[in-house]
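# Topology and contacts: notes
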Amino acid sequence: MSEVRLKRVLALFFTAVLLIGTITYCEPIGVRAQNSSEAGDYITPDQMSVIDVNSGLTEAGKDLTADVLSVGGGGMLFNPQISPHDPDLFTVLADMGGMYISYDSGENWERKYFKSVVNTTCFDPNREGVIYAGGAGLYRSIDNGKSFQIIFPNEDDILEMHINGETPDVQFFTKSRVYPAYLPITNVLVNPKNSDNIFVAAGYGTECKVYESKDNGNSFELLGNITKEKYNPSGAVYDFTELFYAPENNTLYIGVEDGIFRYNRDTKKFQAVLKSSYGLADVTTFQKDGITCFVYIDKGKPHEKADSGVYYTTSFETTEDITDKITNNLPTSFWNLYYTSSIDYKYDFSYIEANGLDQIYVSSVSRSSNESYPYNICGLLYYNGKTSSWLYGNPFNDARSIVNVGYWDDDTTCYGISVDWDTPGRFIEATLSGIVYSPYGDEVYQETTDRISKGLTVSFSSRGIDEHVVYKVVVDPFDGDHVMLLTTDWGLQESFDQGETFSFCNRGIPVSWQNTTYDLVFNEKQQGVVYSIWSGNHSGFRNYIDSLDNLNGGFAYSYDGGKNWDVNYSEGLPDTCLPVEMSIVYPDDSDEVTIYVATLIDGFFVSYDSGKTFTALNEGLEKVNHKGGMGVAHSCIPASDIEAEDGRVFGIIQNISYPDPQSAPGGVYELKDGTWQEIDIRSSESGEYAVNPKDINYYKGDLFINYIAHPVYLDSDTNGYNQNHGGGILYWDGKNVRQIFDESISTTGLQMSSDGTIYASDIEGNIYRYKPGTNWEYLYRHFHFISSELQLFNDSMLFLTTNGGGALRLTGLDK
């Protein structure tokens, strides 16, 4: 090993050791990094050096200080790529939007912001420095990812952009209507012989459209489309699309679950050359003697050792089954030293890369047939033409080591691999548990992992990757150094040094609740008493719910500042619910507090005994029909916010049935004599009903409402295309409603200080301030992430939480 490489390996190793964190409520089973010390008690937040957060402060905010609270990890990463021009340049995509890029073989990562999820990246094989990223649109970088510009649709062609959802969901509406507004870009391909020739696949679900540019992206034309109904009505949906180009005969191919299709330029149609009855998992190609060769994984052809088969073909007239070759020397059972029993395994291949039949990488989830052994081992195999060997995740050796990772939970799945063909064993793989990679082809490292609660102590490092939603930041009123961070995937963390380090504080919370902490309130009159609400579903603030059939959540109580939680309260709350907001009232004549809870499915609840018992509070409200993400109709009362102060109680019913045009709109209600009465809120500028109220704030008899106007409505000035009406802030004095903020802006957060100062945020991360008697002013411009909520502490500290970017903290507001 060279001296330079040795230094890099040592630096990488010691960095990983320094950034180790531990899930404090789990009992250790012996997970240890090889040749390292034991894991520590704290998680160290990543330093977001790629963003100079203070540069966003405006003239109005020049006396403030900005920094970021974040702990990294947590969300899904997928589709990694290694640059063919620079083997140290890695990219990986994220379900919370954008792309991460590393210029030093994965040692450090920077986030690139696109306002939406990026589904695919592509390095131009001929032009160094050119990178394409496809998601809501097609973006191109000519400086190795330092900056990107949208090229499809062309900026001059864009009429309107919509942004919705927890996972950023962007749609472009254009003048030319060539661009498919409702179909995200899922794959990009550059002709290896001509970089001006670019192909784009756009689609999901049941349809895929393919576009071509012959002029370096200046214009695109539709080549054709593939629909599930046309080619395989009973087959799989198109979650997987990949484009391939055979330079020997200038032929374009596309792979989807149903099979592989070839484009015929004469007929301008796609013709099936390979059909799969159950679905293809992945397809890759390589060149041999000037011929394009295909290798694919067919999920519908199980084998003795594998649930899915691996096949090779050049002409599609004949195919060769190479599954037996790849699995020939692999065992399928072992004696487990933890469960003291024989464990039988079967391989389930998911992604494949090949540079010949003697260079094949294939990811595999090894599924146990023994119910007493709950782990699915995600690993990567390398086949050299004779035998297969494990690069990591070997269940037949002790997989519990930092070198053989991928065992972290029983739901580990691979989401793409990329390899460096010049260095055997050098790869990067994205899994549900994070990034696994070998920067030099020998030792294997894990970048980041999901929070796990399966009885294992987990160590991790992320070095710049932050991939979860931060819902709230809450500061202890008795100790300003004590900060709580409420997130998805990671649940709840606490810091006792103002956010320098964090530790998990989920002890006592049921495993099925621990995905998301939605709200947390410190009792301002009893030090150490804390109330919180949790859910195993992290879609609480979307316009729809991923799965309404699997809701777990509830109320928790702590006497020791959040170190330990008691869930043996909340009698009267449904066993399965999705609580999203709380409001606390301190009665003068009782030591008990009154707690109001809004749940996204079951409406409102109230407890008069500090959360021991709850009673439904839905008189005057009607259930609405709602179709969840699984397509099953439900009736529910979608409450999303509640505010109780000065003896008055206000609540929000959210419209979660979009885009169903027959859905009932959301509304703002006041509780009077035990019955909810609706407040008629309309935008004074447009007269449109504010169907999606989001936040309410009560101040000295007045109500301030942050809302999203109807997301789709007919605008006569734009020939009837779907336009996002934005949102804004409404002011209600008990009689009249008026707009007090620009209704074209999609506002996301609203907070009121004790002197009547209003703080608002929009979806792009801008923060606005209104002081009584003045005009609205920018306080902070563009935090580079989709923002979600605002929280204000003691009129001196403001937190802007985000989808995938931690929480921006502004201090010094009271100066």
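Here, every reference points to the structure presented above.
Residues numbered from 1 in each chain as written. Predicted model: local features only at pLDDT ≥ 70, side-chain atom pairs only at ≥ 80, totals over all residues. Heavy atoms only, no water.

## Digging into the overall build of the protein chain
- Counting its regular elements, the protein chain contains three helices and 64 strands.
- A burial count over the protein chain gives 61% of its 815 residues as buried.
- Of all intrachain contacts in the protein chain linking residues separated by at least 6 positions in sequence, the fraction that spans at least 24 positions is 50%.
- Accessible surface, the protein chain as shown: approximately 31,600 Å² in total, 44% of it carbon and sulfur. (Helix = DSSP H or I, 4+ residues; strand = E, 2+ residues; numbered from the N terminus. Buried < 20%, exposed > 50% of the residue type's maximum accessible area, 1.4 Å probe, protein only. Contact = heavy atoms within 4.5 Å. Areas by Shrake-Rupley, 256 points an atom, 1.4 Å probe, with all protein chains shown as cover.)

## Quick look at the packing of aromatic side chains
- Summed over the entire model, instances satisfying the criterion amount to 32 aromatic pairs.
- With centroids separated by 6.1 Å and ring planes inclined at 45°, the aromatic side chains of Tyr-347 and Trp-390 adopt a geometry described as tilted. Linking Tyr-347 in strand S26 (residues 341-354) with Trp-390 in strand S29 (residues 388-392), this pair joins segments that are 43 residues apart in sequence. With respect to burial, Tyr-347 and Trp-390 carry one shared label: buried.
- Ring centres 5.0 Å apart and planes at 50° place the aromatic pair Tyr-471 and Tyr-518 in the tilted group. Separated by 47 residues along the polypeptide, Tyr-471 in strand S35 (residues 470-476) and Tyr-518 in strand S39 (residues 516-522) bring together distant segments of the chain.
- By relative accessible area, which is 3% here, Tyr-471 ends up buried.
- Three or more aromatic residues joined by ring pairs make a cluster, and in this case those are Tyr-531, Phe-555, Tyr-557, Tyr-559, Tyr-569 and Phe-614.
- Above the ring of Tyr-103, the side-chain terminus of Lys-146 is found at 4.6 Å from the ring centroid.
- We note Arg-781 situated over the ring of Tyr-778; from NZ or CZ to the ring centre the distance is 3.6 Å. (Phe/Tyr/Trp six-rings, centres within 6.5 Å; stacked < 30°, edge-to-face > 60°. Lys NZ or Arg CZ within 6 Å of the ring centre and 35° of its normal.)

## Considerations on the pairing of S35
- A large share of S35 lies buried, amounting to seven of its seven residues.
- Bridging between S35 and strand S36 (residues 479-487) involves six bridges; their strand directions are antiparallel. Each residue of the ladder has a partner; that of Asp-476, found in S36, is Asp-479.
- Where S35 hands over to S36, the hairpin turn is made up of two residues, counted between the paired strands. (Pairing = 2+ DSSP bridges.)

## A word on the nonpolar core
- In this structure, Tyr-132, Leu-138, Phe-152, Phe-172, Ile-185, Val-188 and Phe-220 are the most contacted members of the largest nonpolar core, which totals 28 residues.
- Beyond its immediate sequence surroundings of up to four residues, Phe-152 is in contact with Gly-137, Leu-138, Tyr-179, Pro-180, Ile-185, Tyr-211 and Phe-220.
- Core analysis: the next-biggest nonpolar cluster, separate from the first, contains 26 residues, Val-469, Tyr-471, Leu-551 and Tyr-557 among them. (Core = buried A, V, L, I, M, F, W, Y, C linked by side-chain atoms within 4.5 Å.)

## Regarding the layout of surface pockets
- Its boundaries defined by the atoms lining it, the second largest pocket holds a volume of some 1,600 Å³.
- Across the lining of the second largest pocket, the residue classes break down as 26 nonpolar, nine polar and 13 charged. (1 Å grid on protein atoms, 1.4 Å probe; cavity = no way out; pocket = protein on both sides within 12 Å on 5 of 7 lines; lining within 4 Å. Points joined across faces, edges and corners; volume = space filled by probe spheres on them. Nonpolar A, V, L, I, M, F, W, Y, C, P; charged D, E, K, R; others polar.)

## Quick notes on the side chain of Thr-516
- Inspection of the secondary structure assignment puts Thr-516 in strand S39.
- The class of Thr-516 is buried, set by a relative accessible area of 0%.
- A polar side-chain atom of Thr-516 sits 2.6 Å from a polar atom in the side chain of Asn-515.
- With residues up to four places along the chain from it excluded, the contact list for Thr-516 reads Tyr-471, Thr-487, Thr-488, Asp-489, Ile-533, Trp-534, Ser-535, Asn-537 and His-538. (Polar contact = N/O pair within 3.5 Å; in protein donor to acceptor, adjacent residues only side chain to side chain.)

## A closer look at the sheet that holds strand S48 (residues 639-645)
- The four strands are arranged S48-S49-S50-S51 in an open sheet whose pairing can be described as antiparallel. One side of each edge strand has no neighbouring strand; the edge strands of this open sheet are S48 and strand S51 (675-679). Put simply, the sheet's adjacent strands are angled 25° from each other on average, direction ignored.
- Across four bridges, strand S49 (residues 648-653) lies against strand S50 (residues 667-672) in antiparallel orientation. In the strand pairing of S50, Gly-651 is matched with Tyr-669. (Axes fitted to C-alpha atoms, helices over the stretch in contact; angles between N-to-C directions.)

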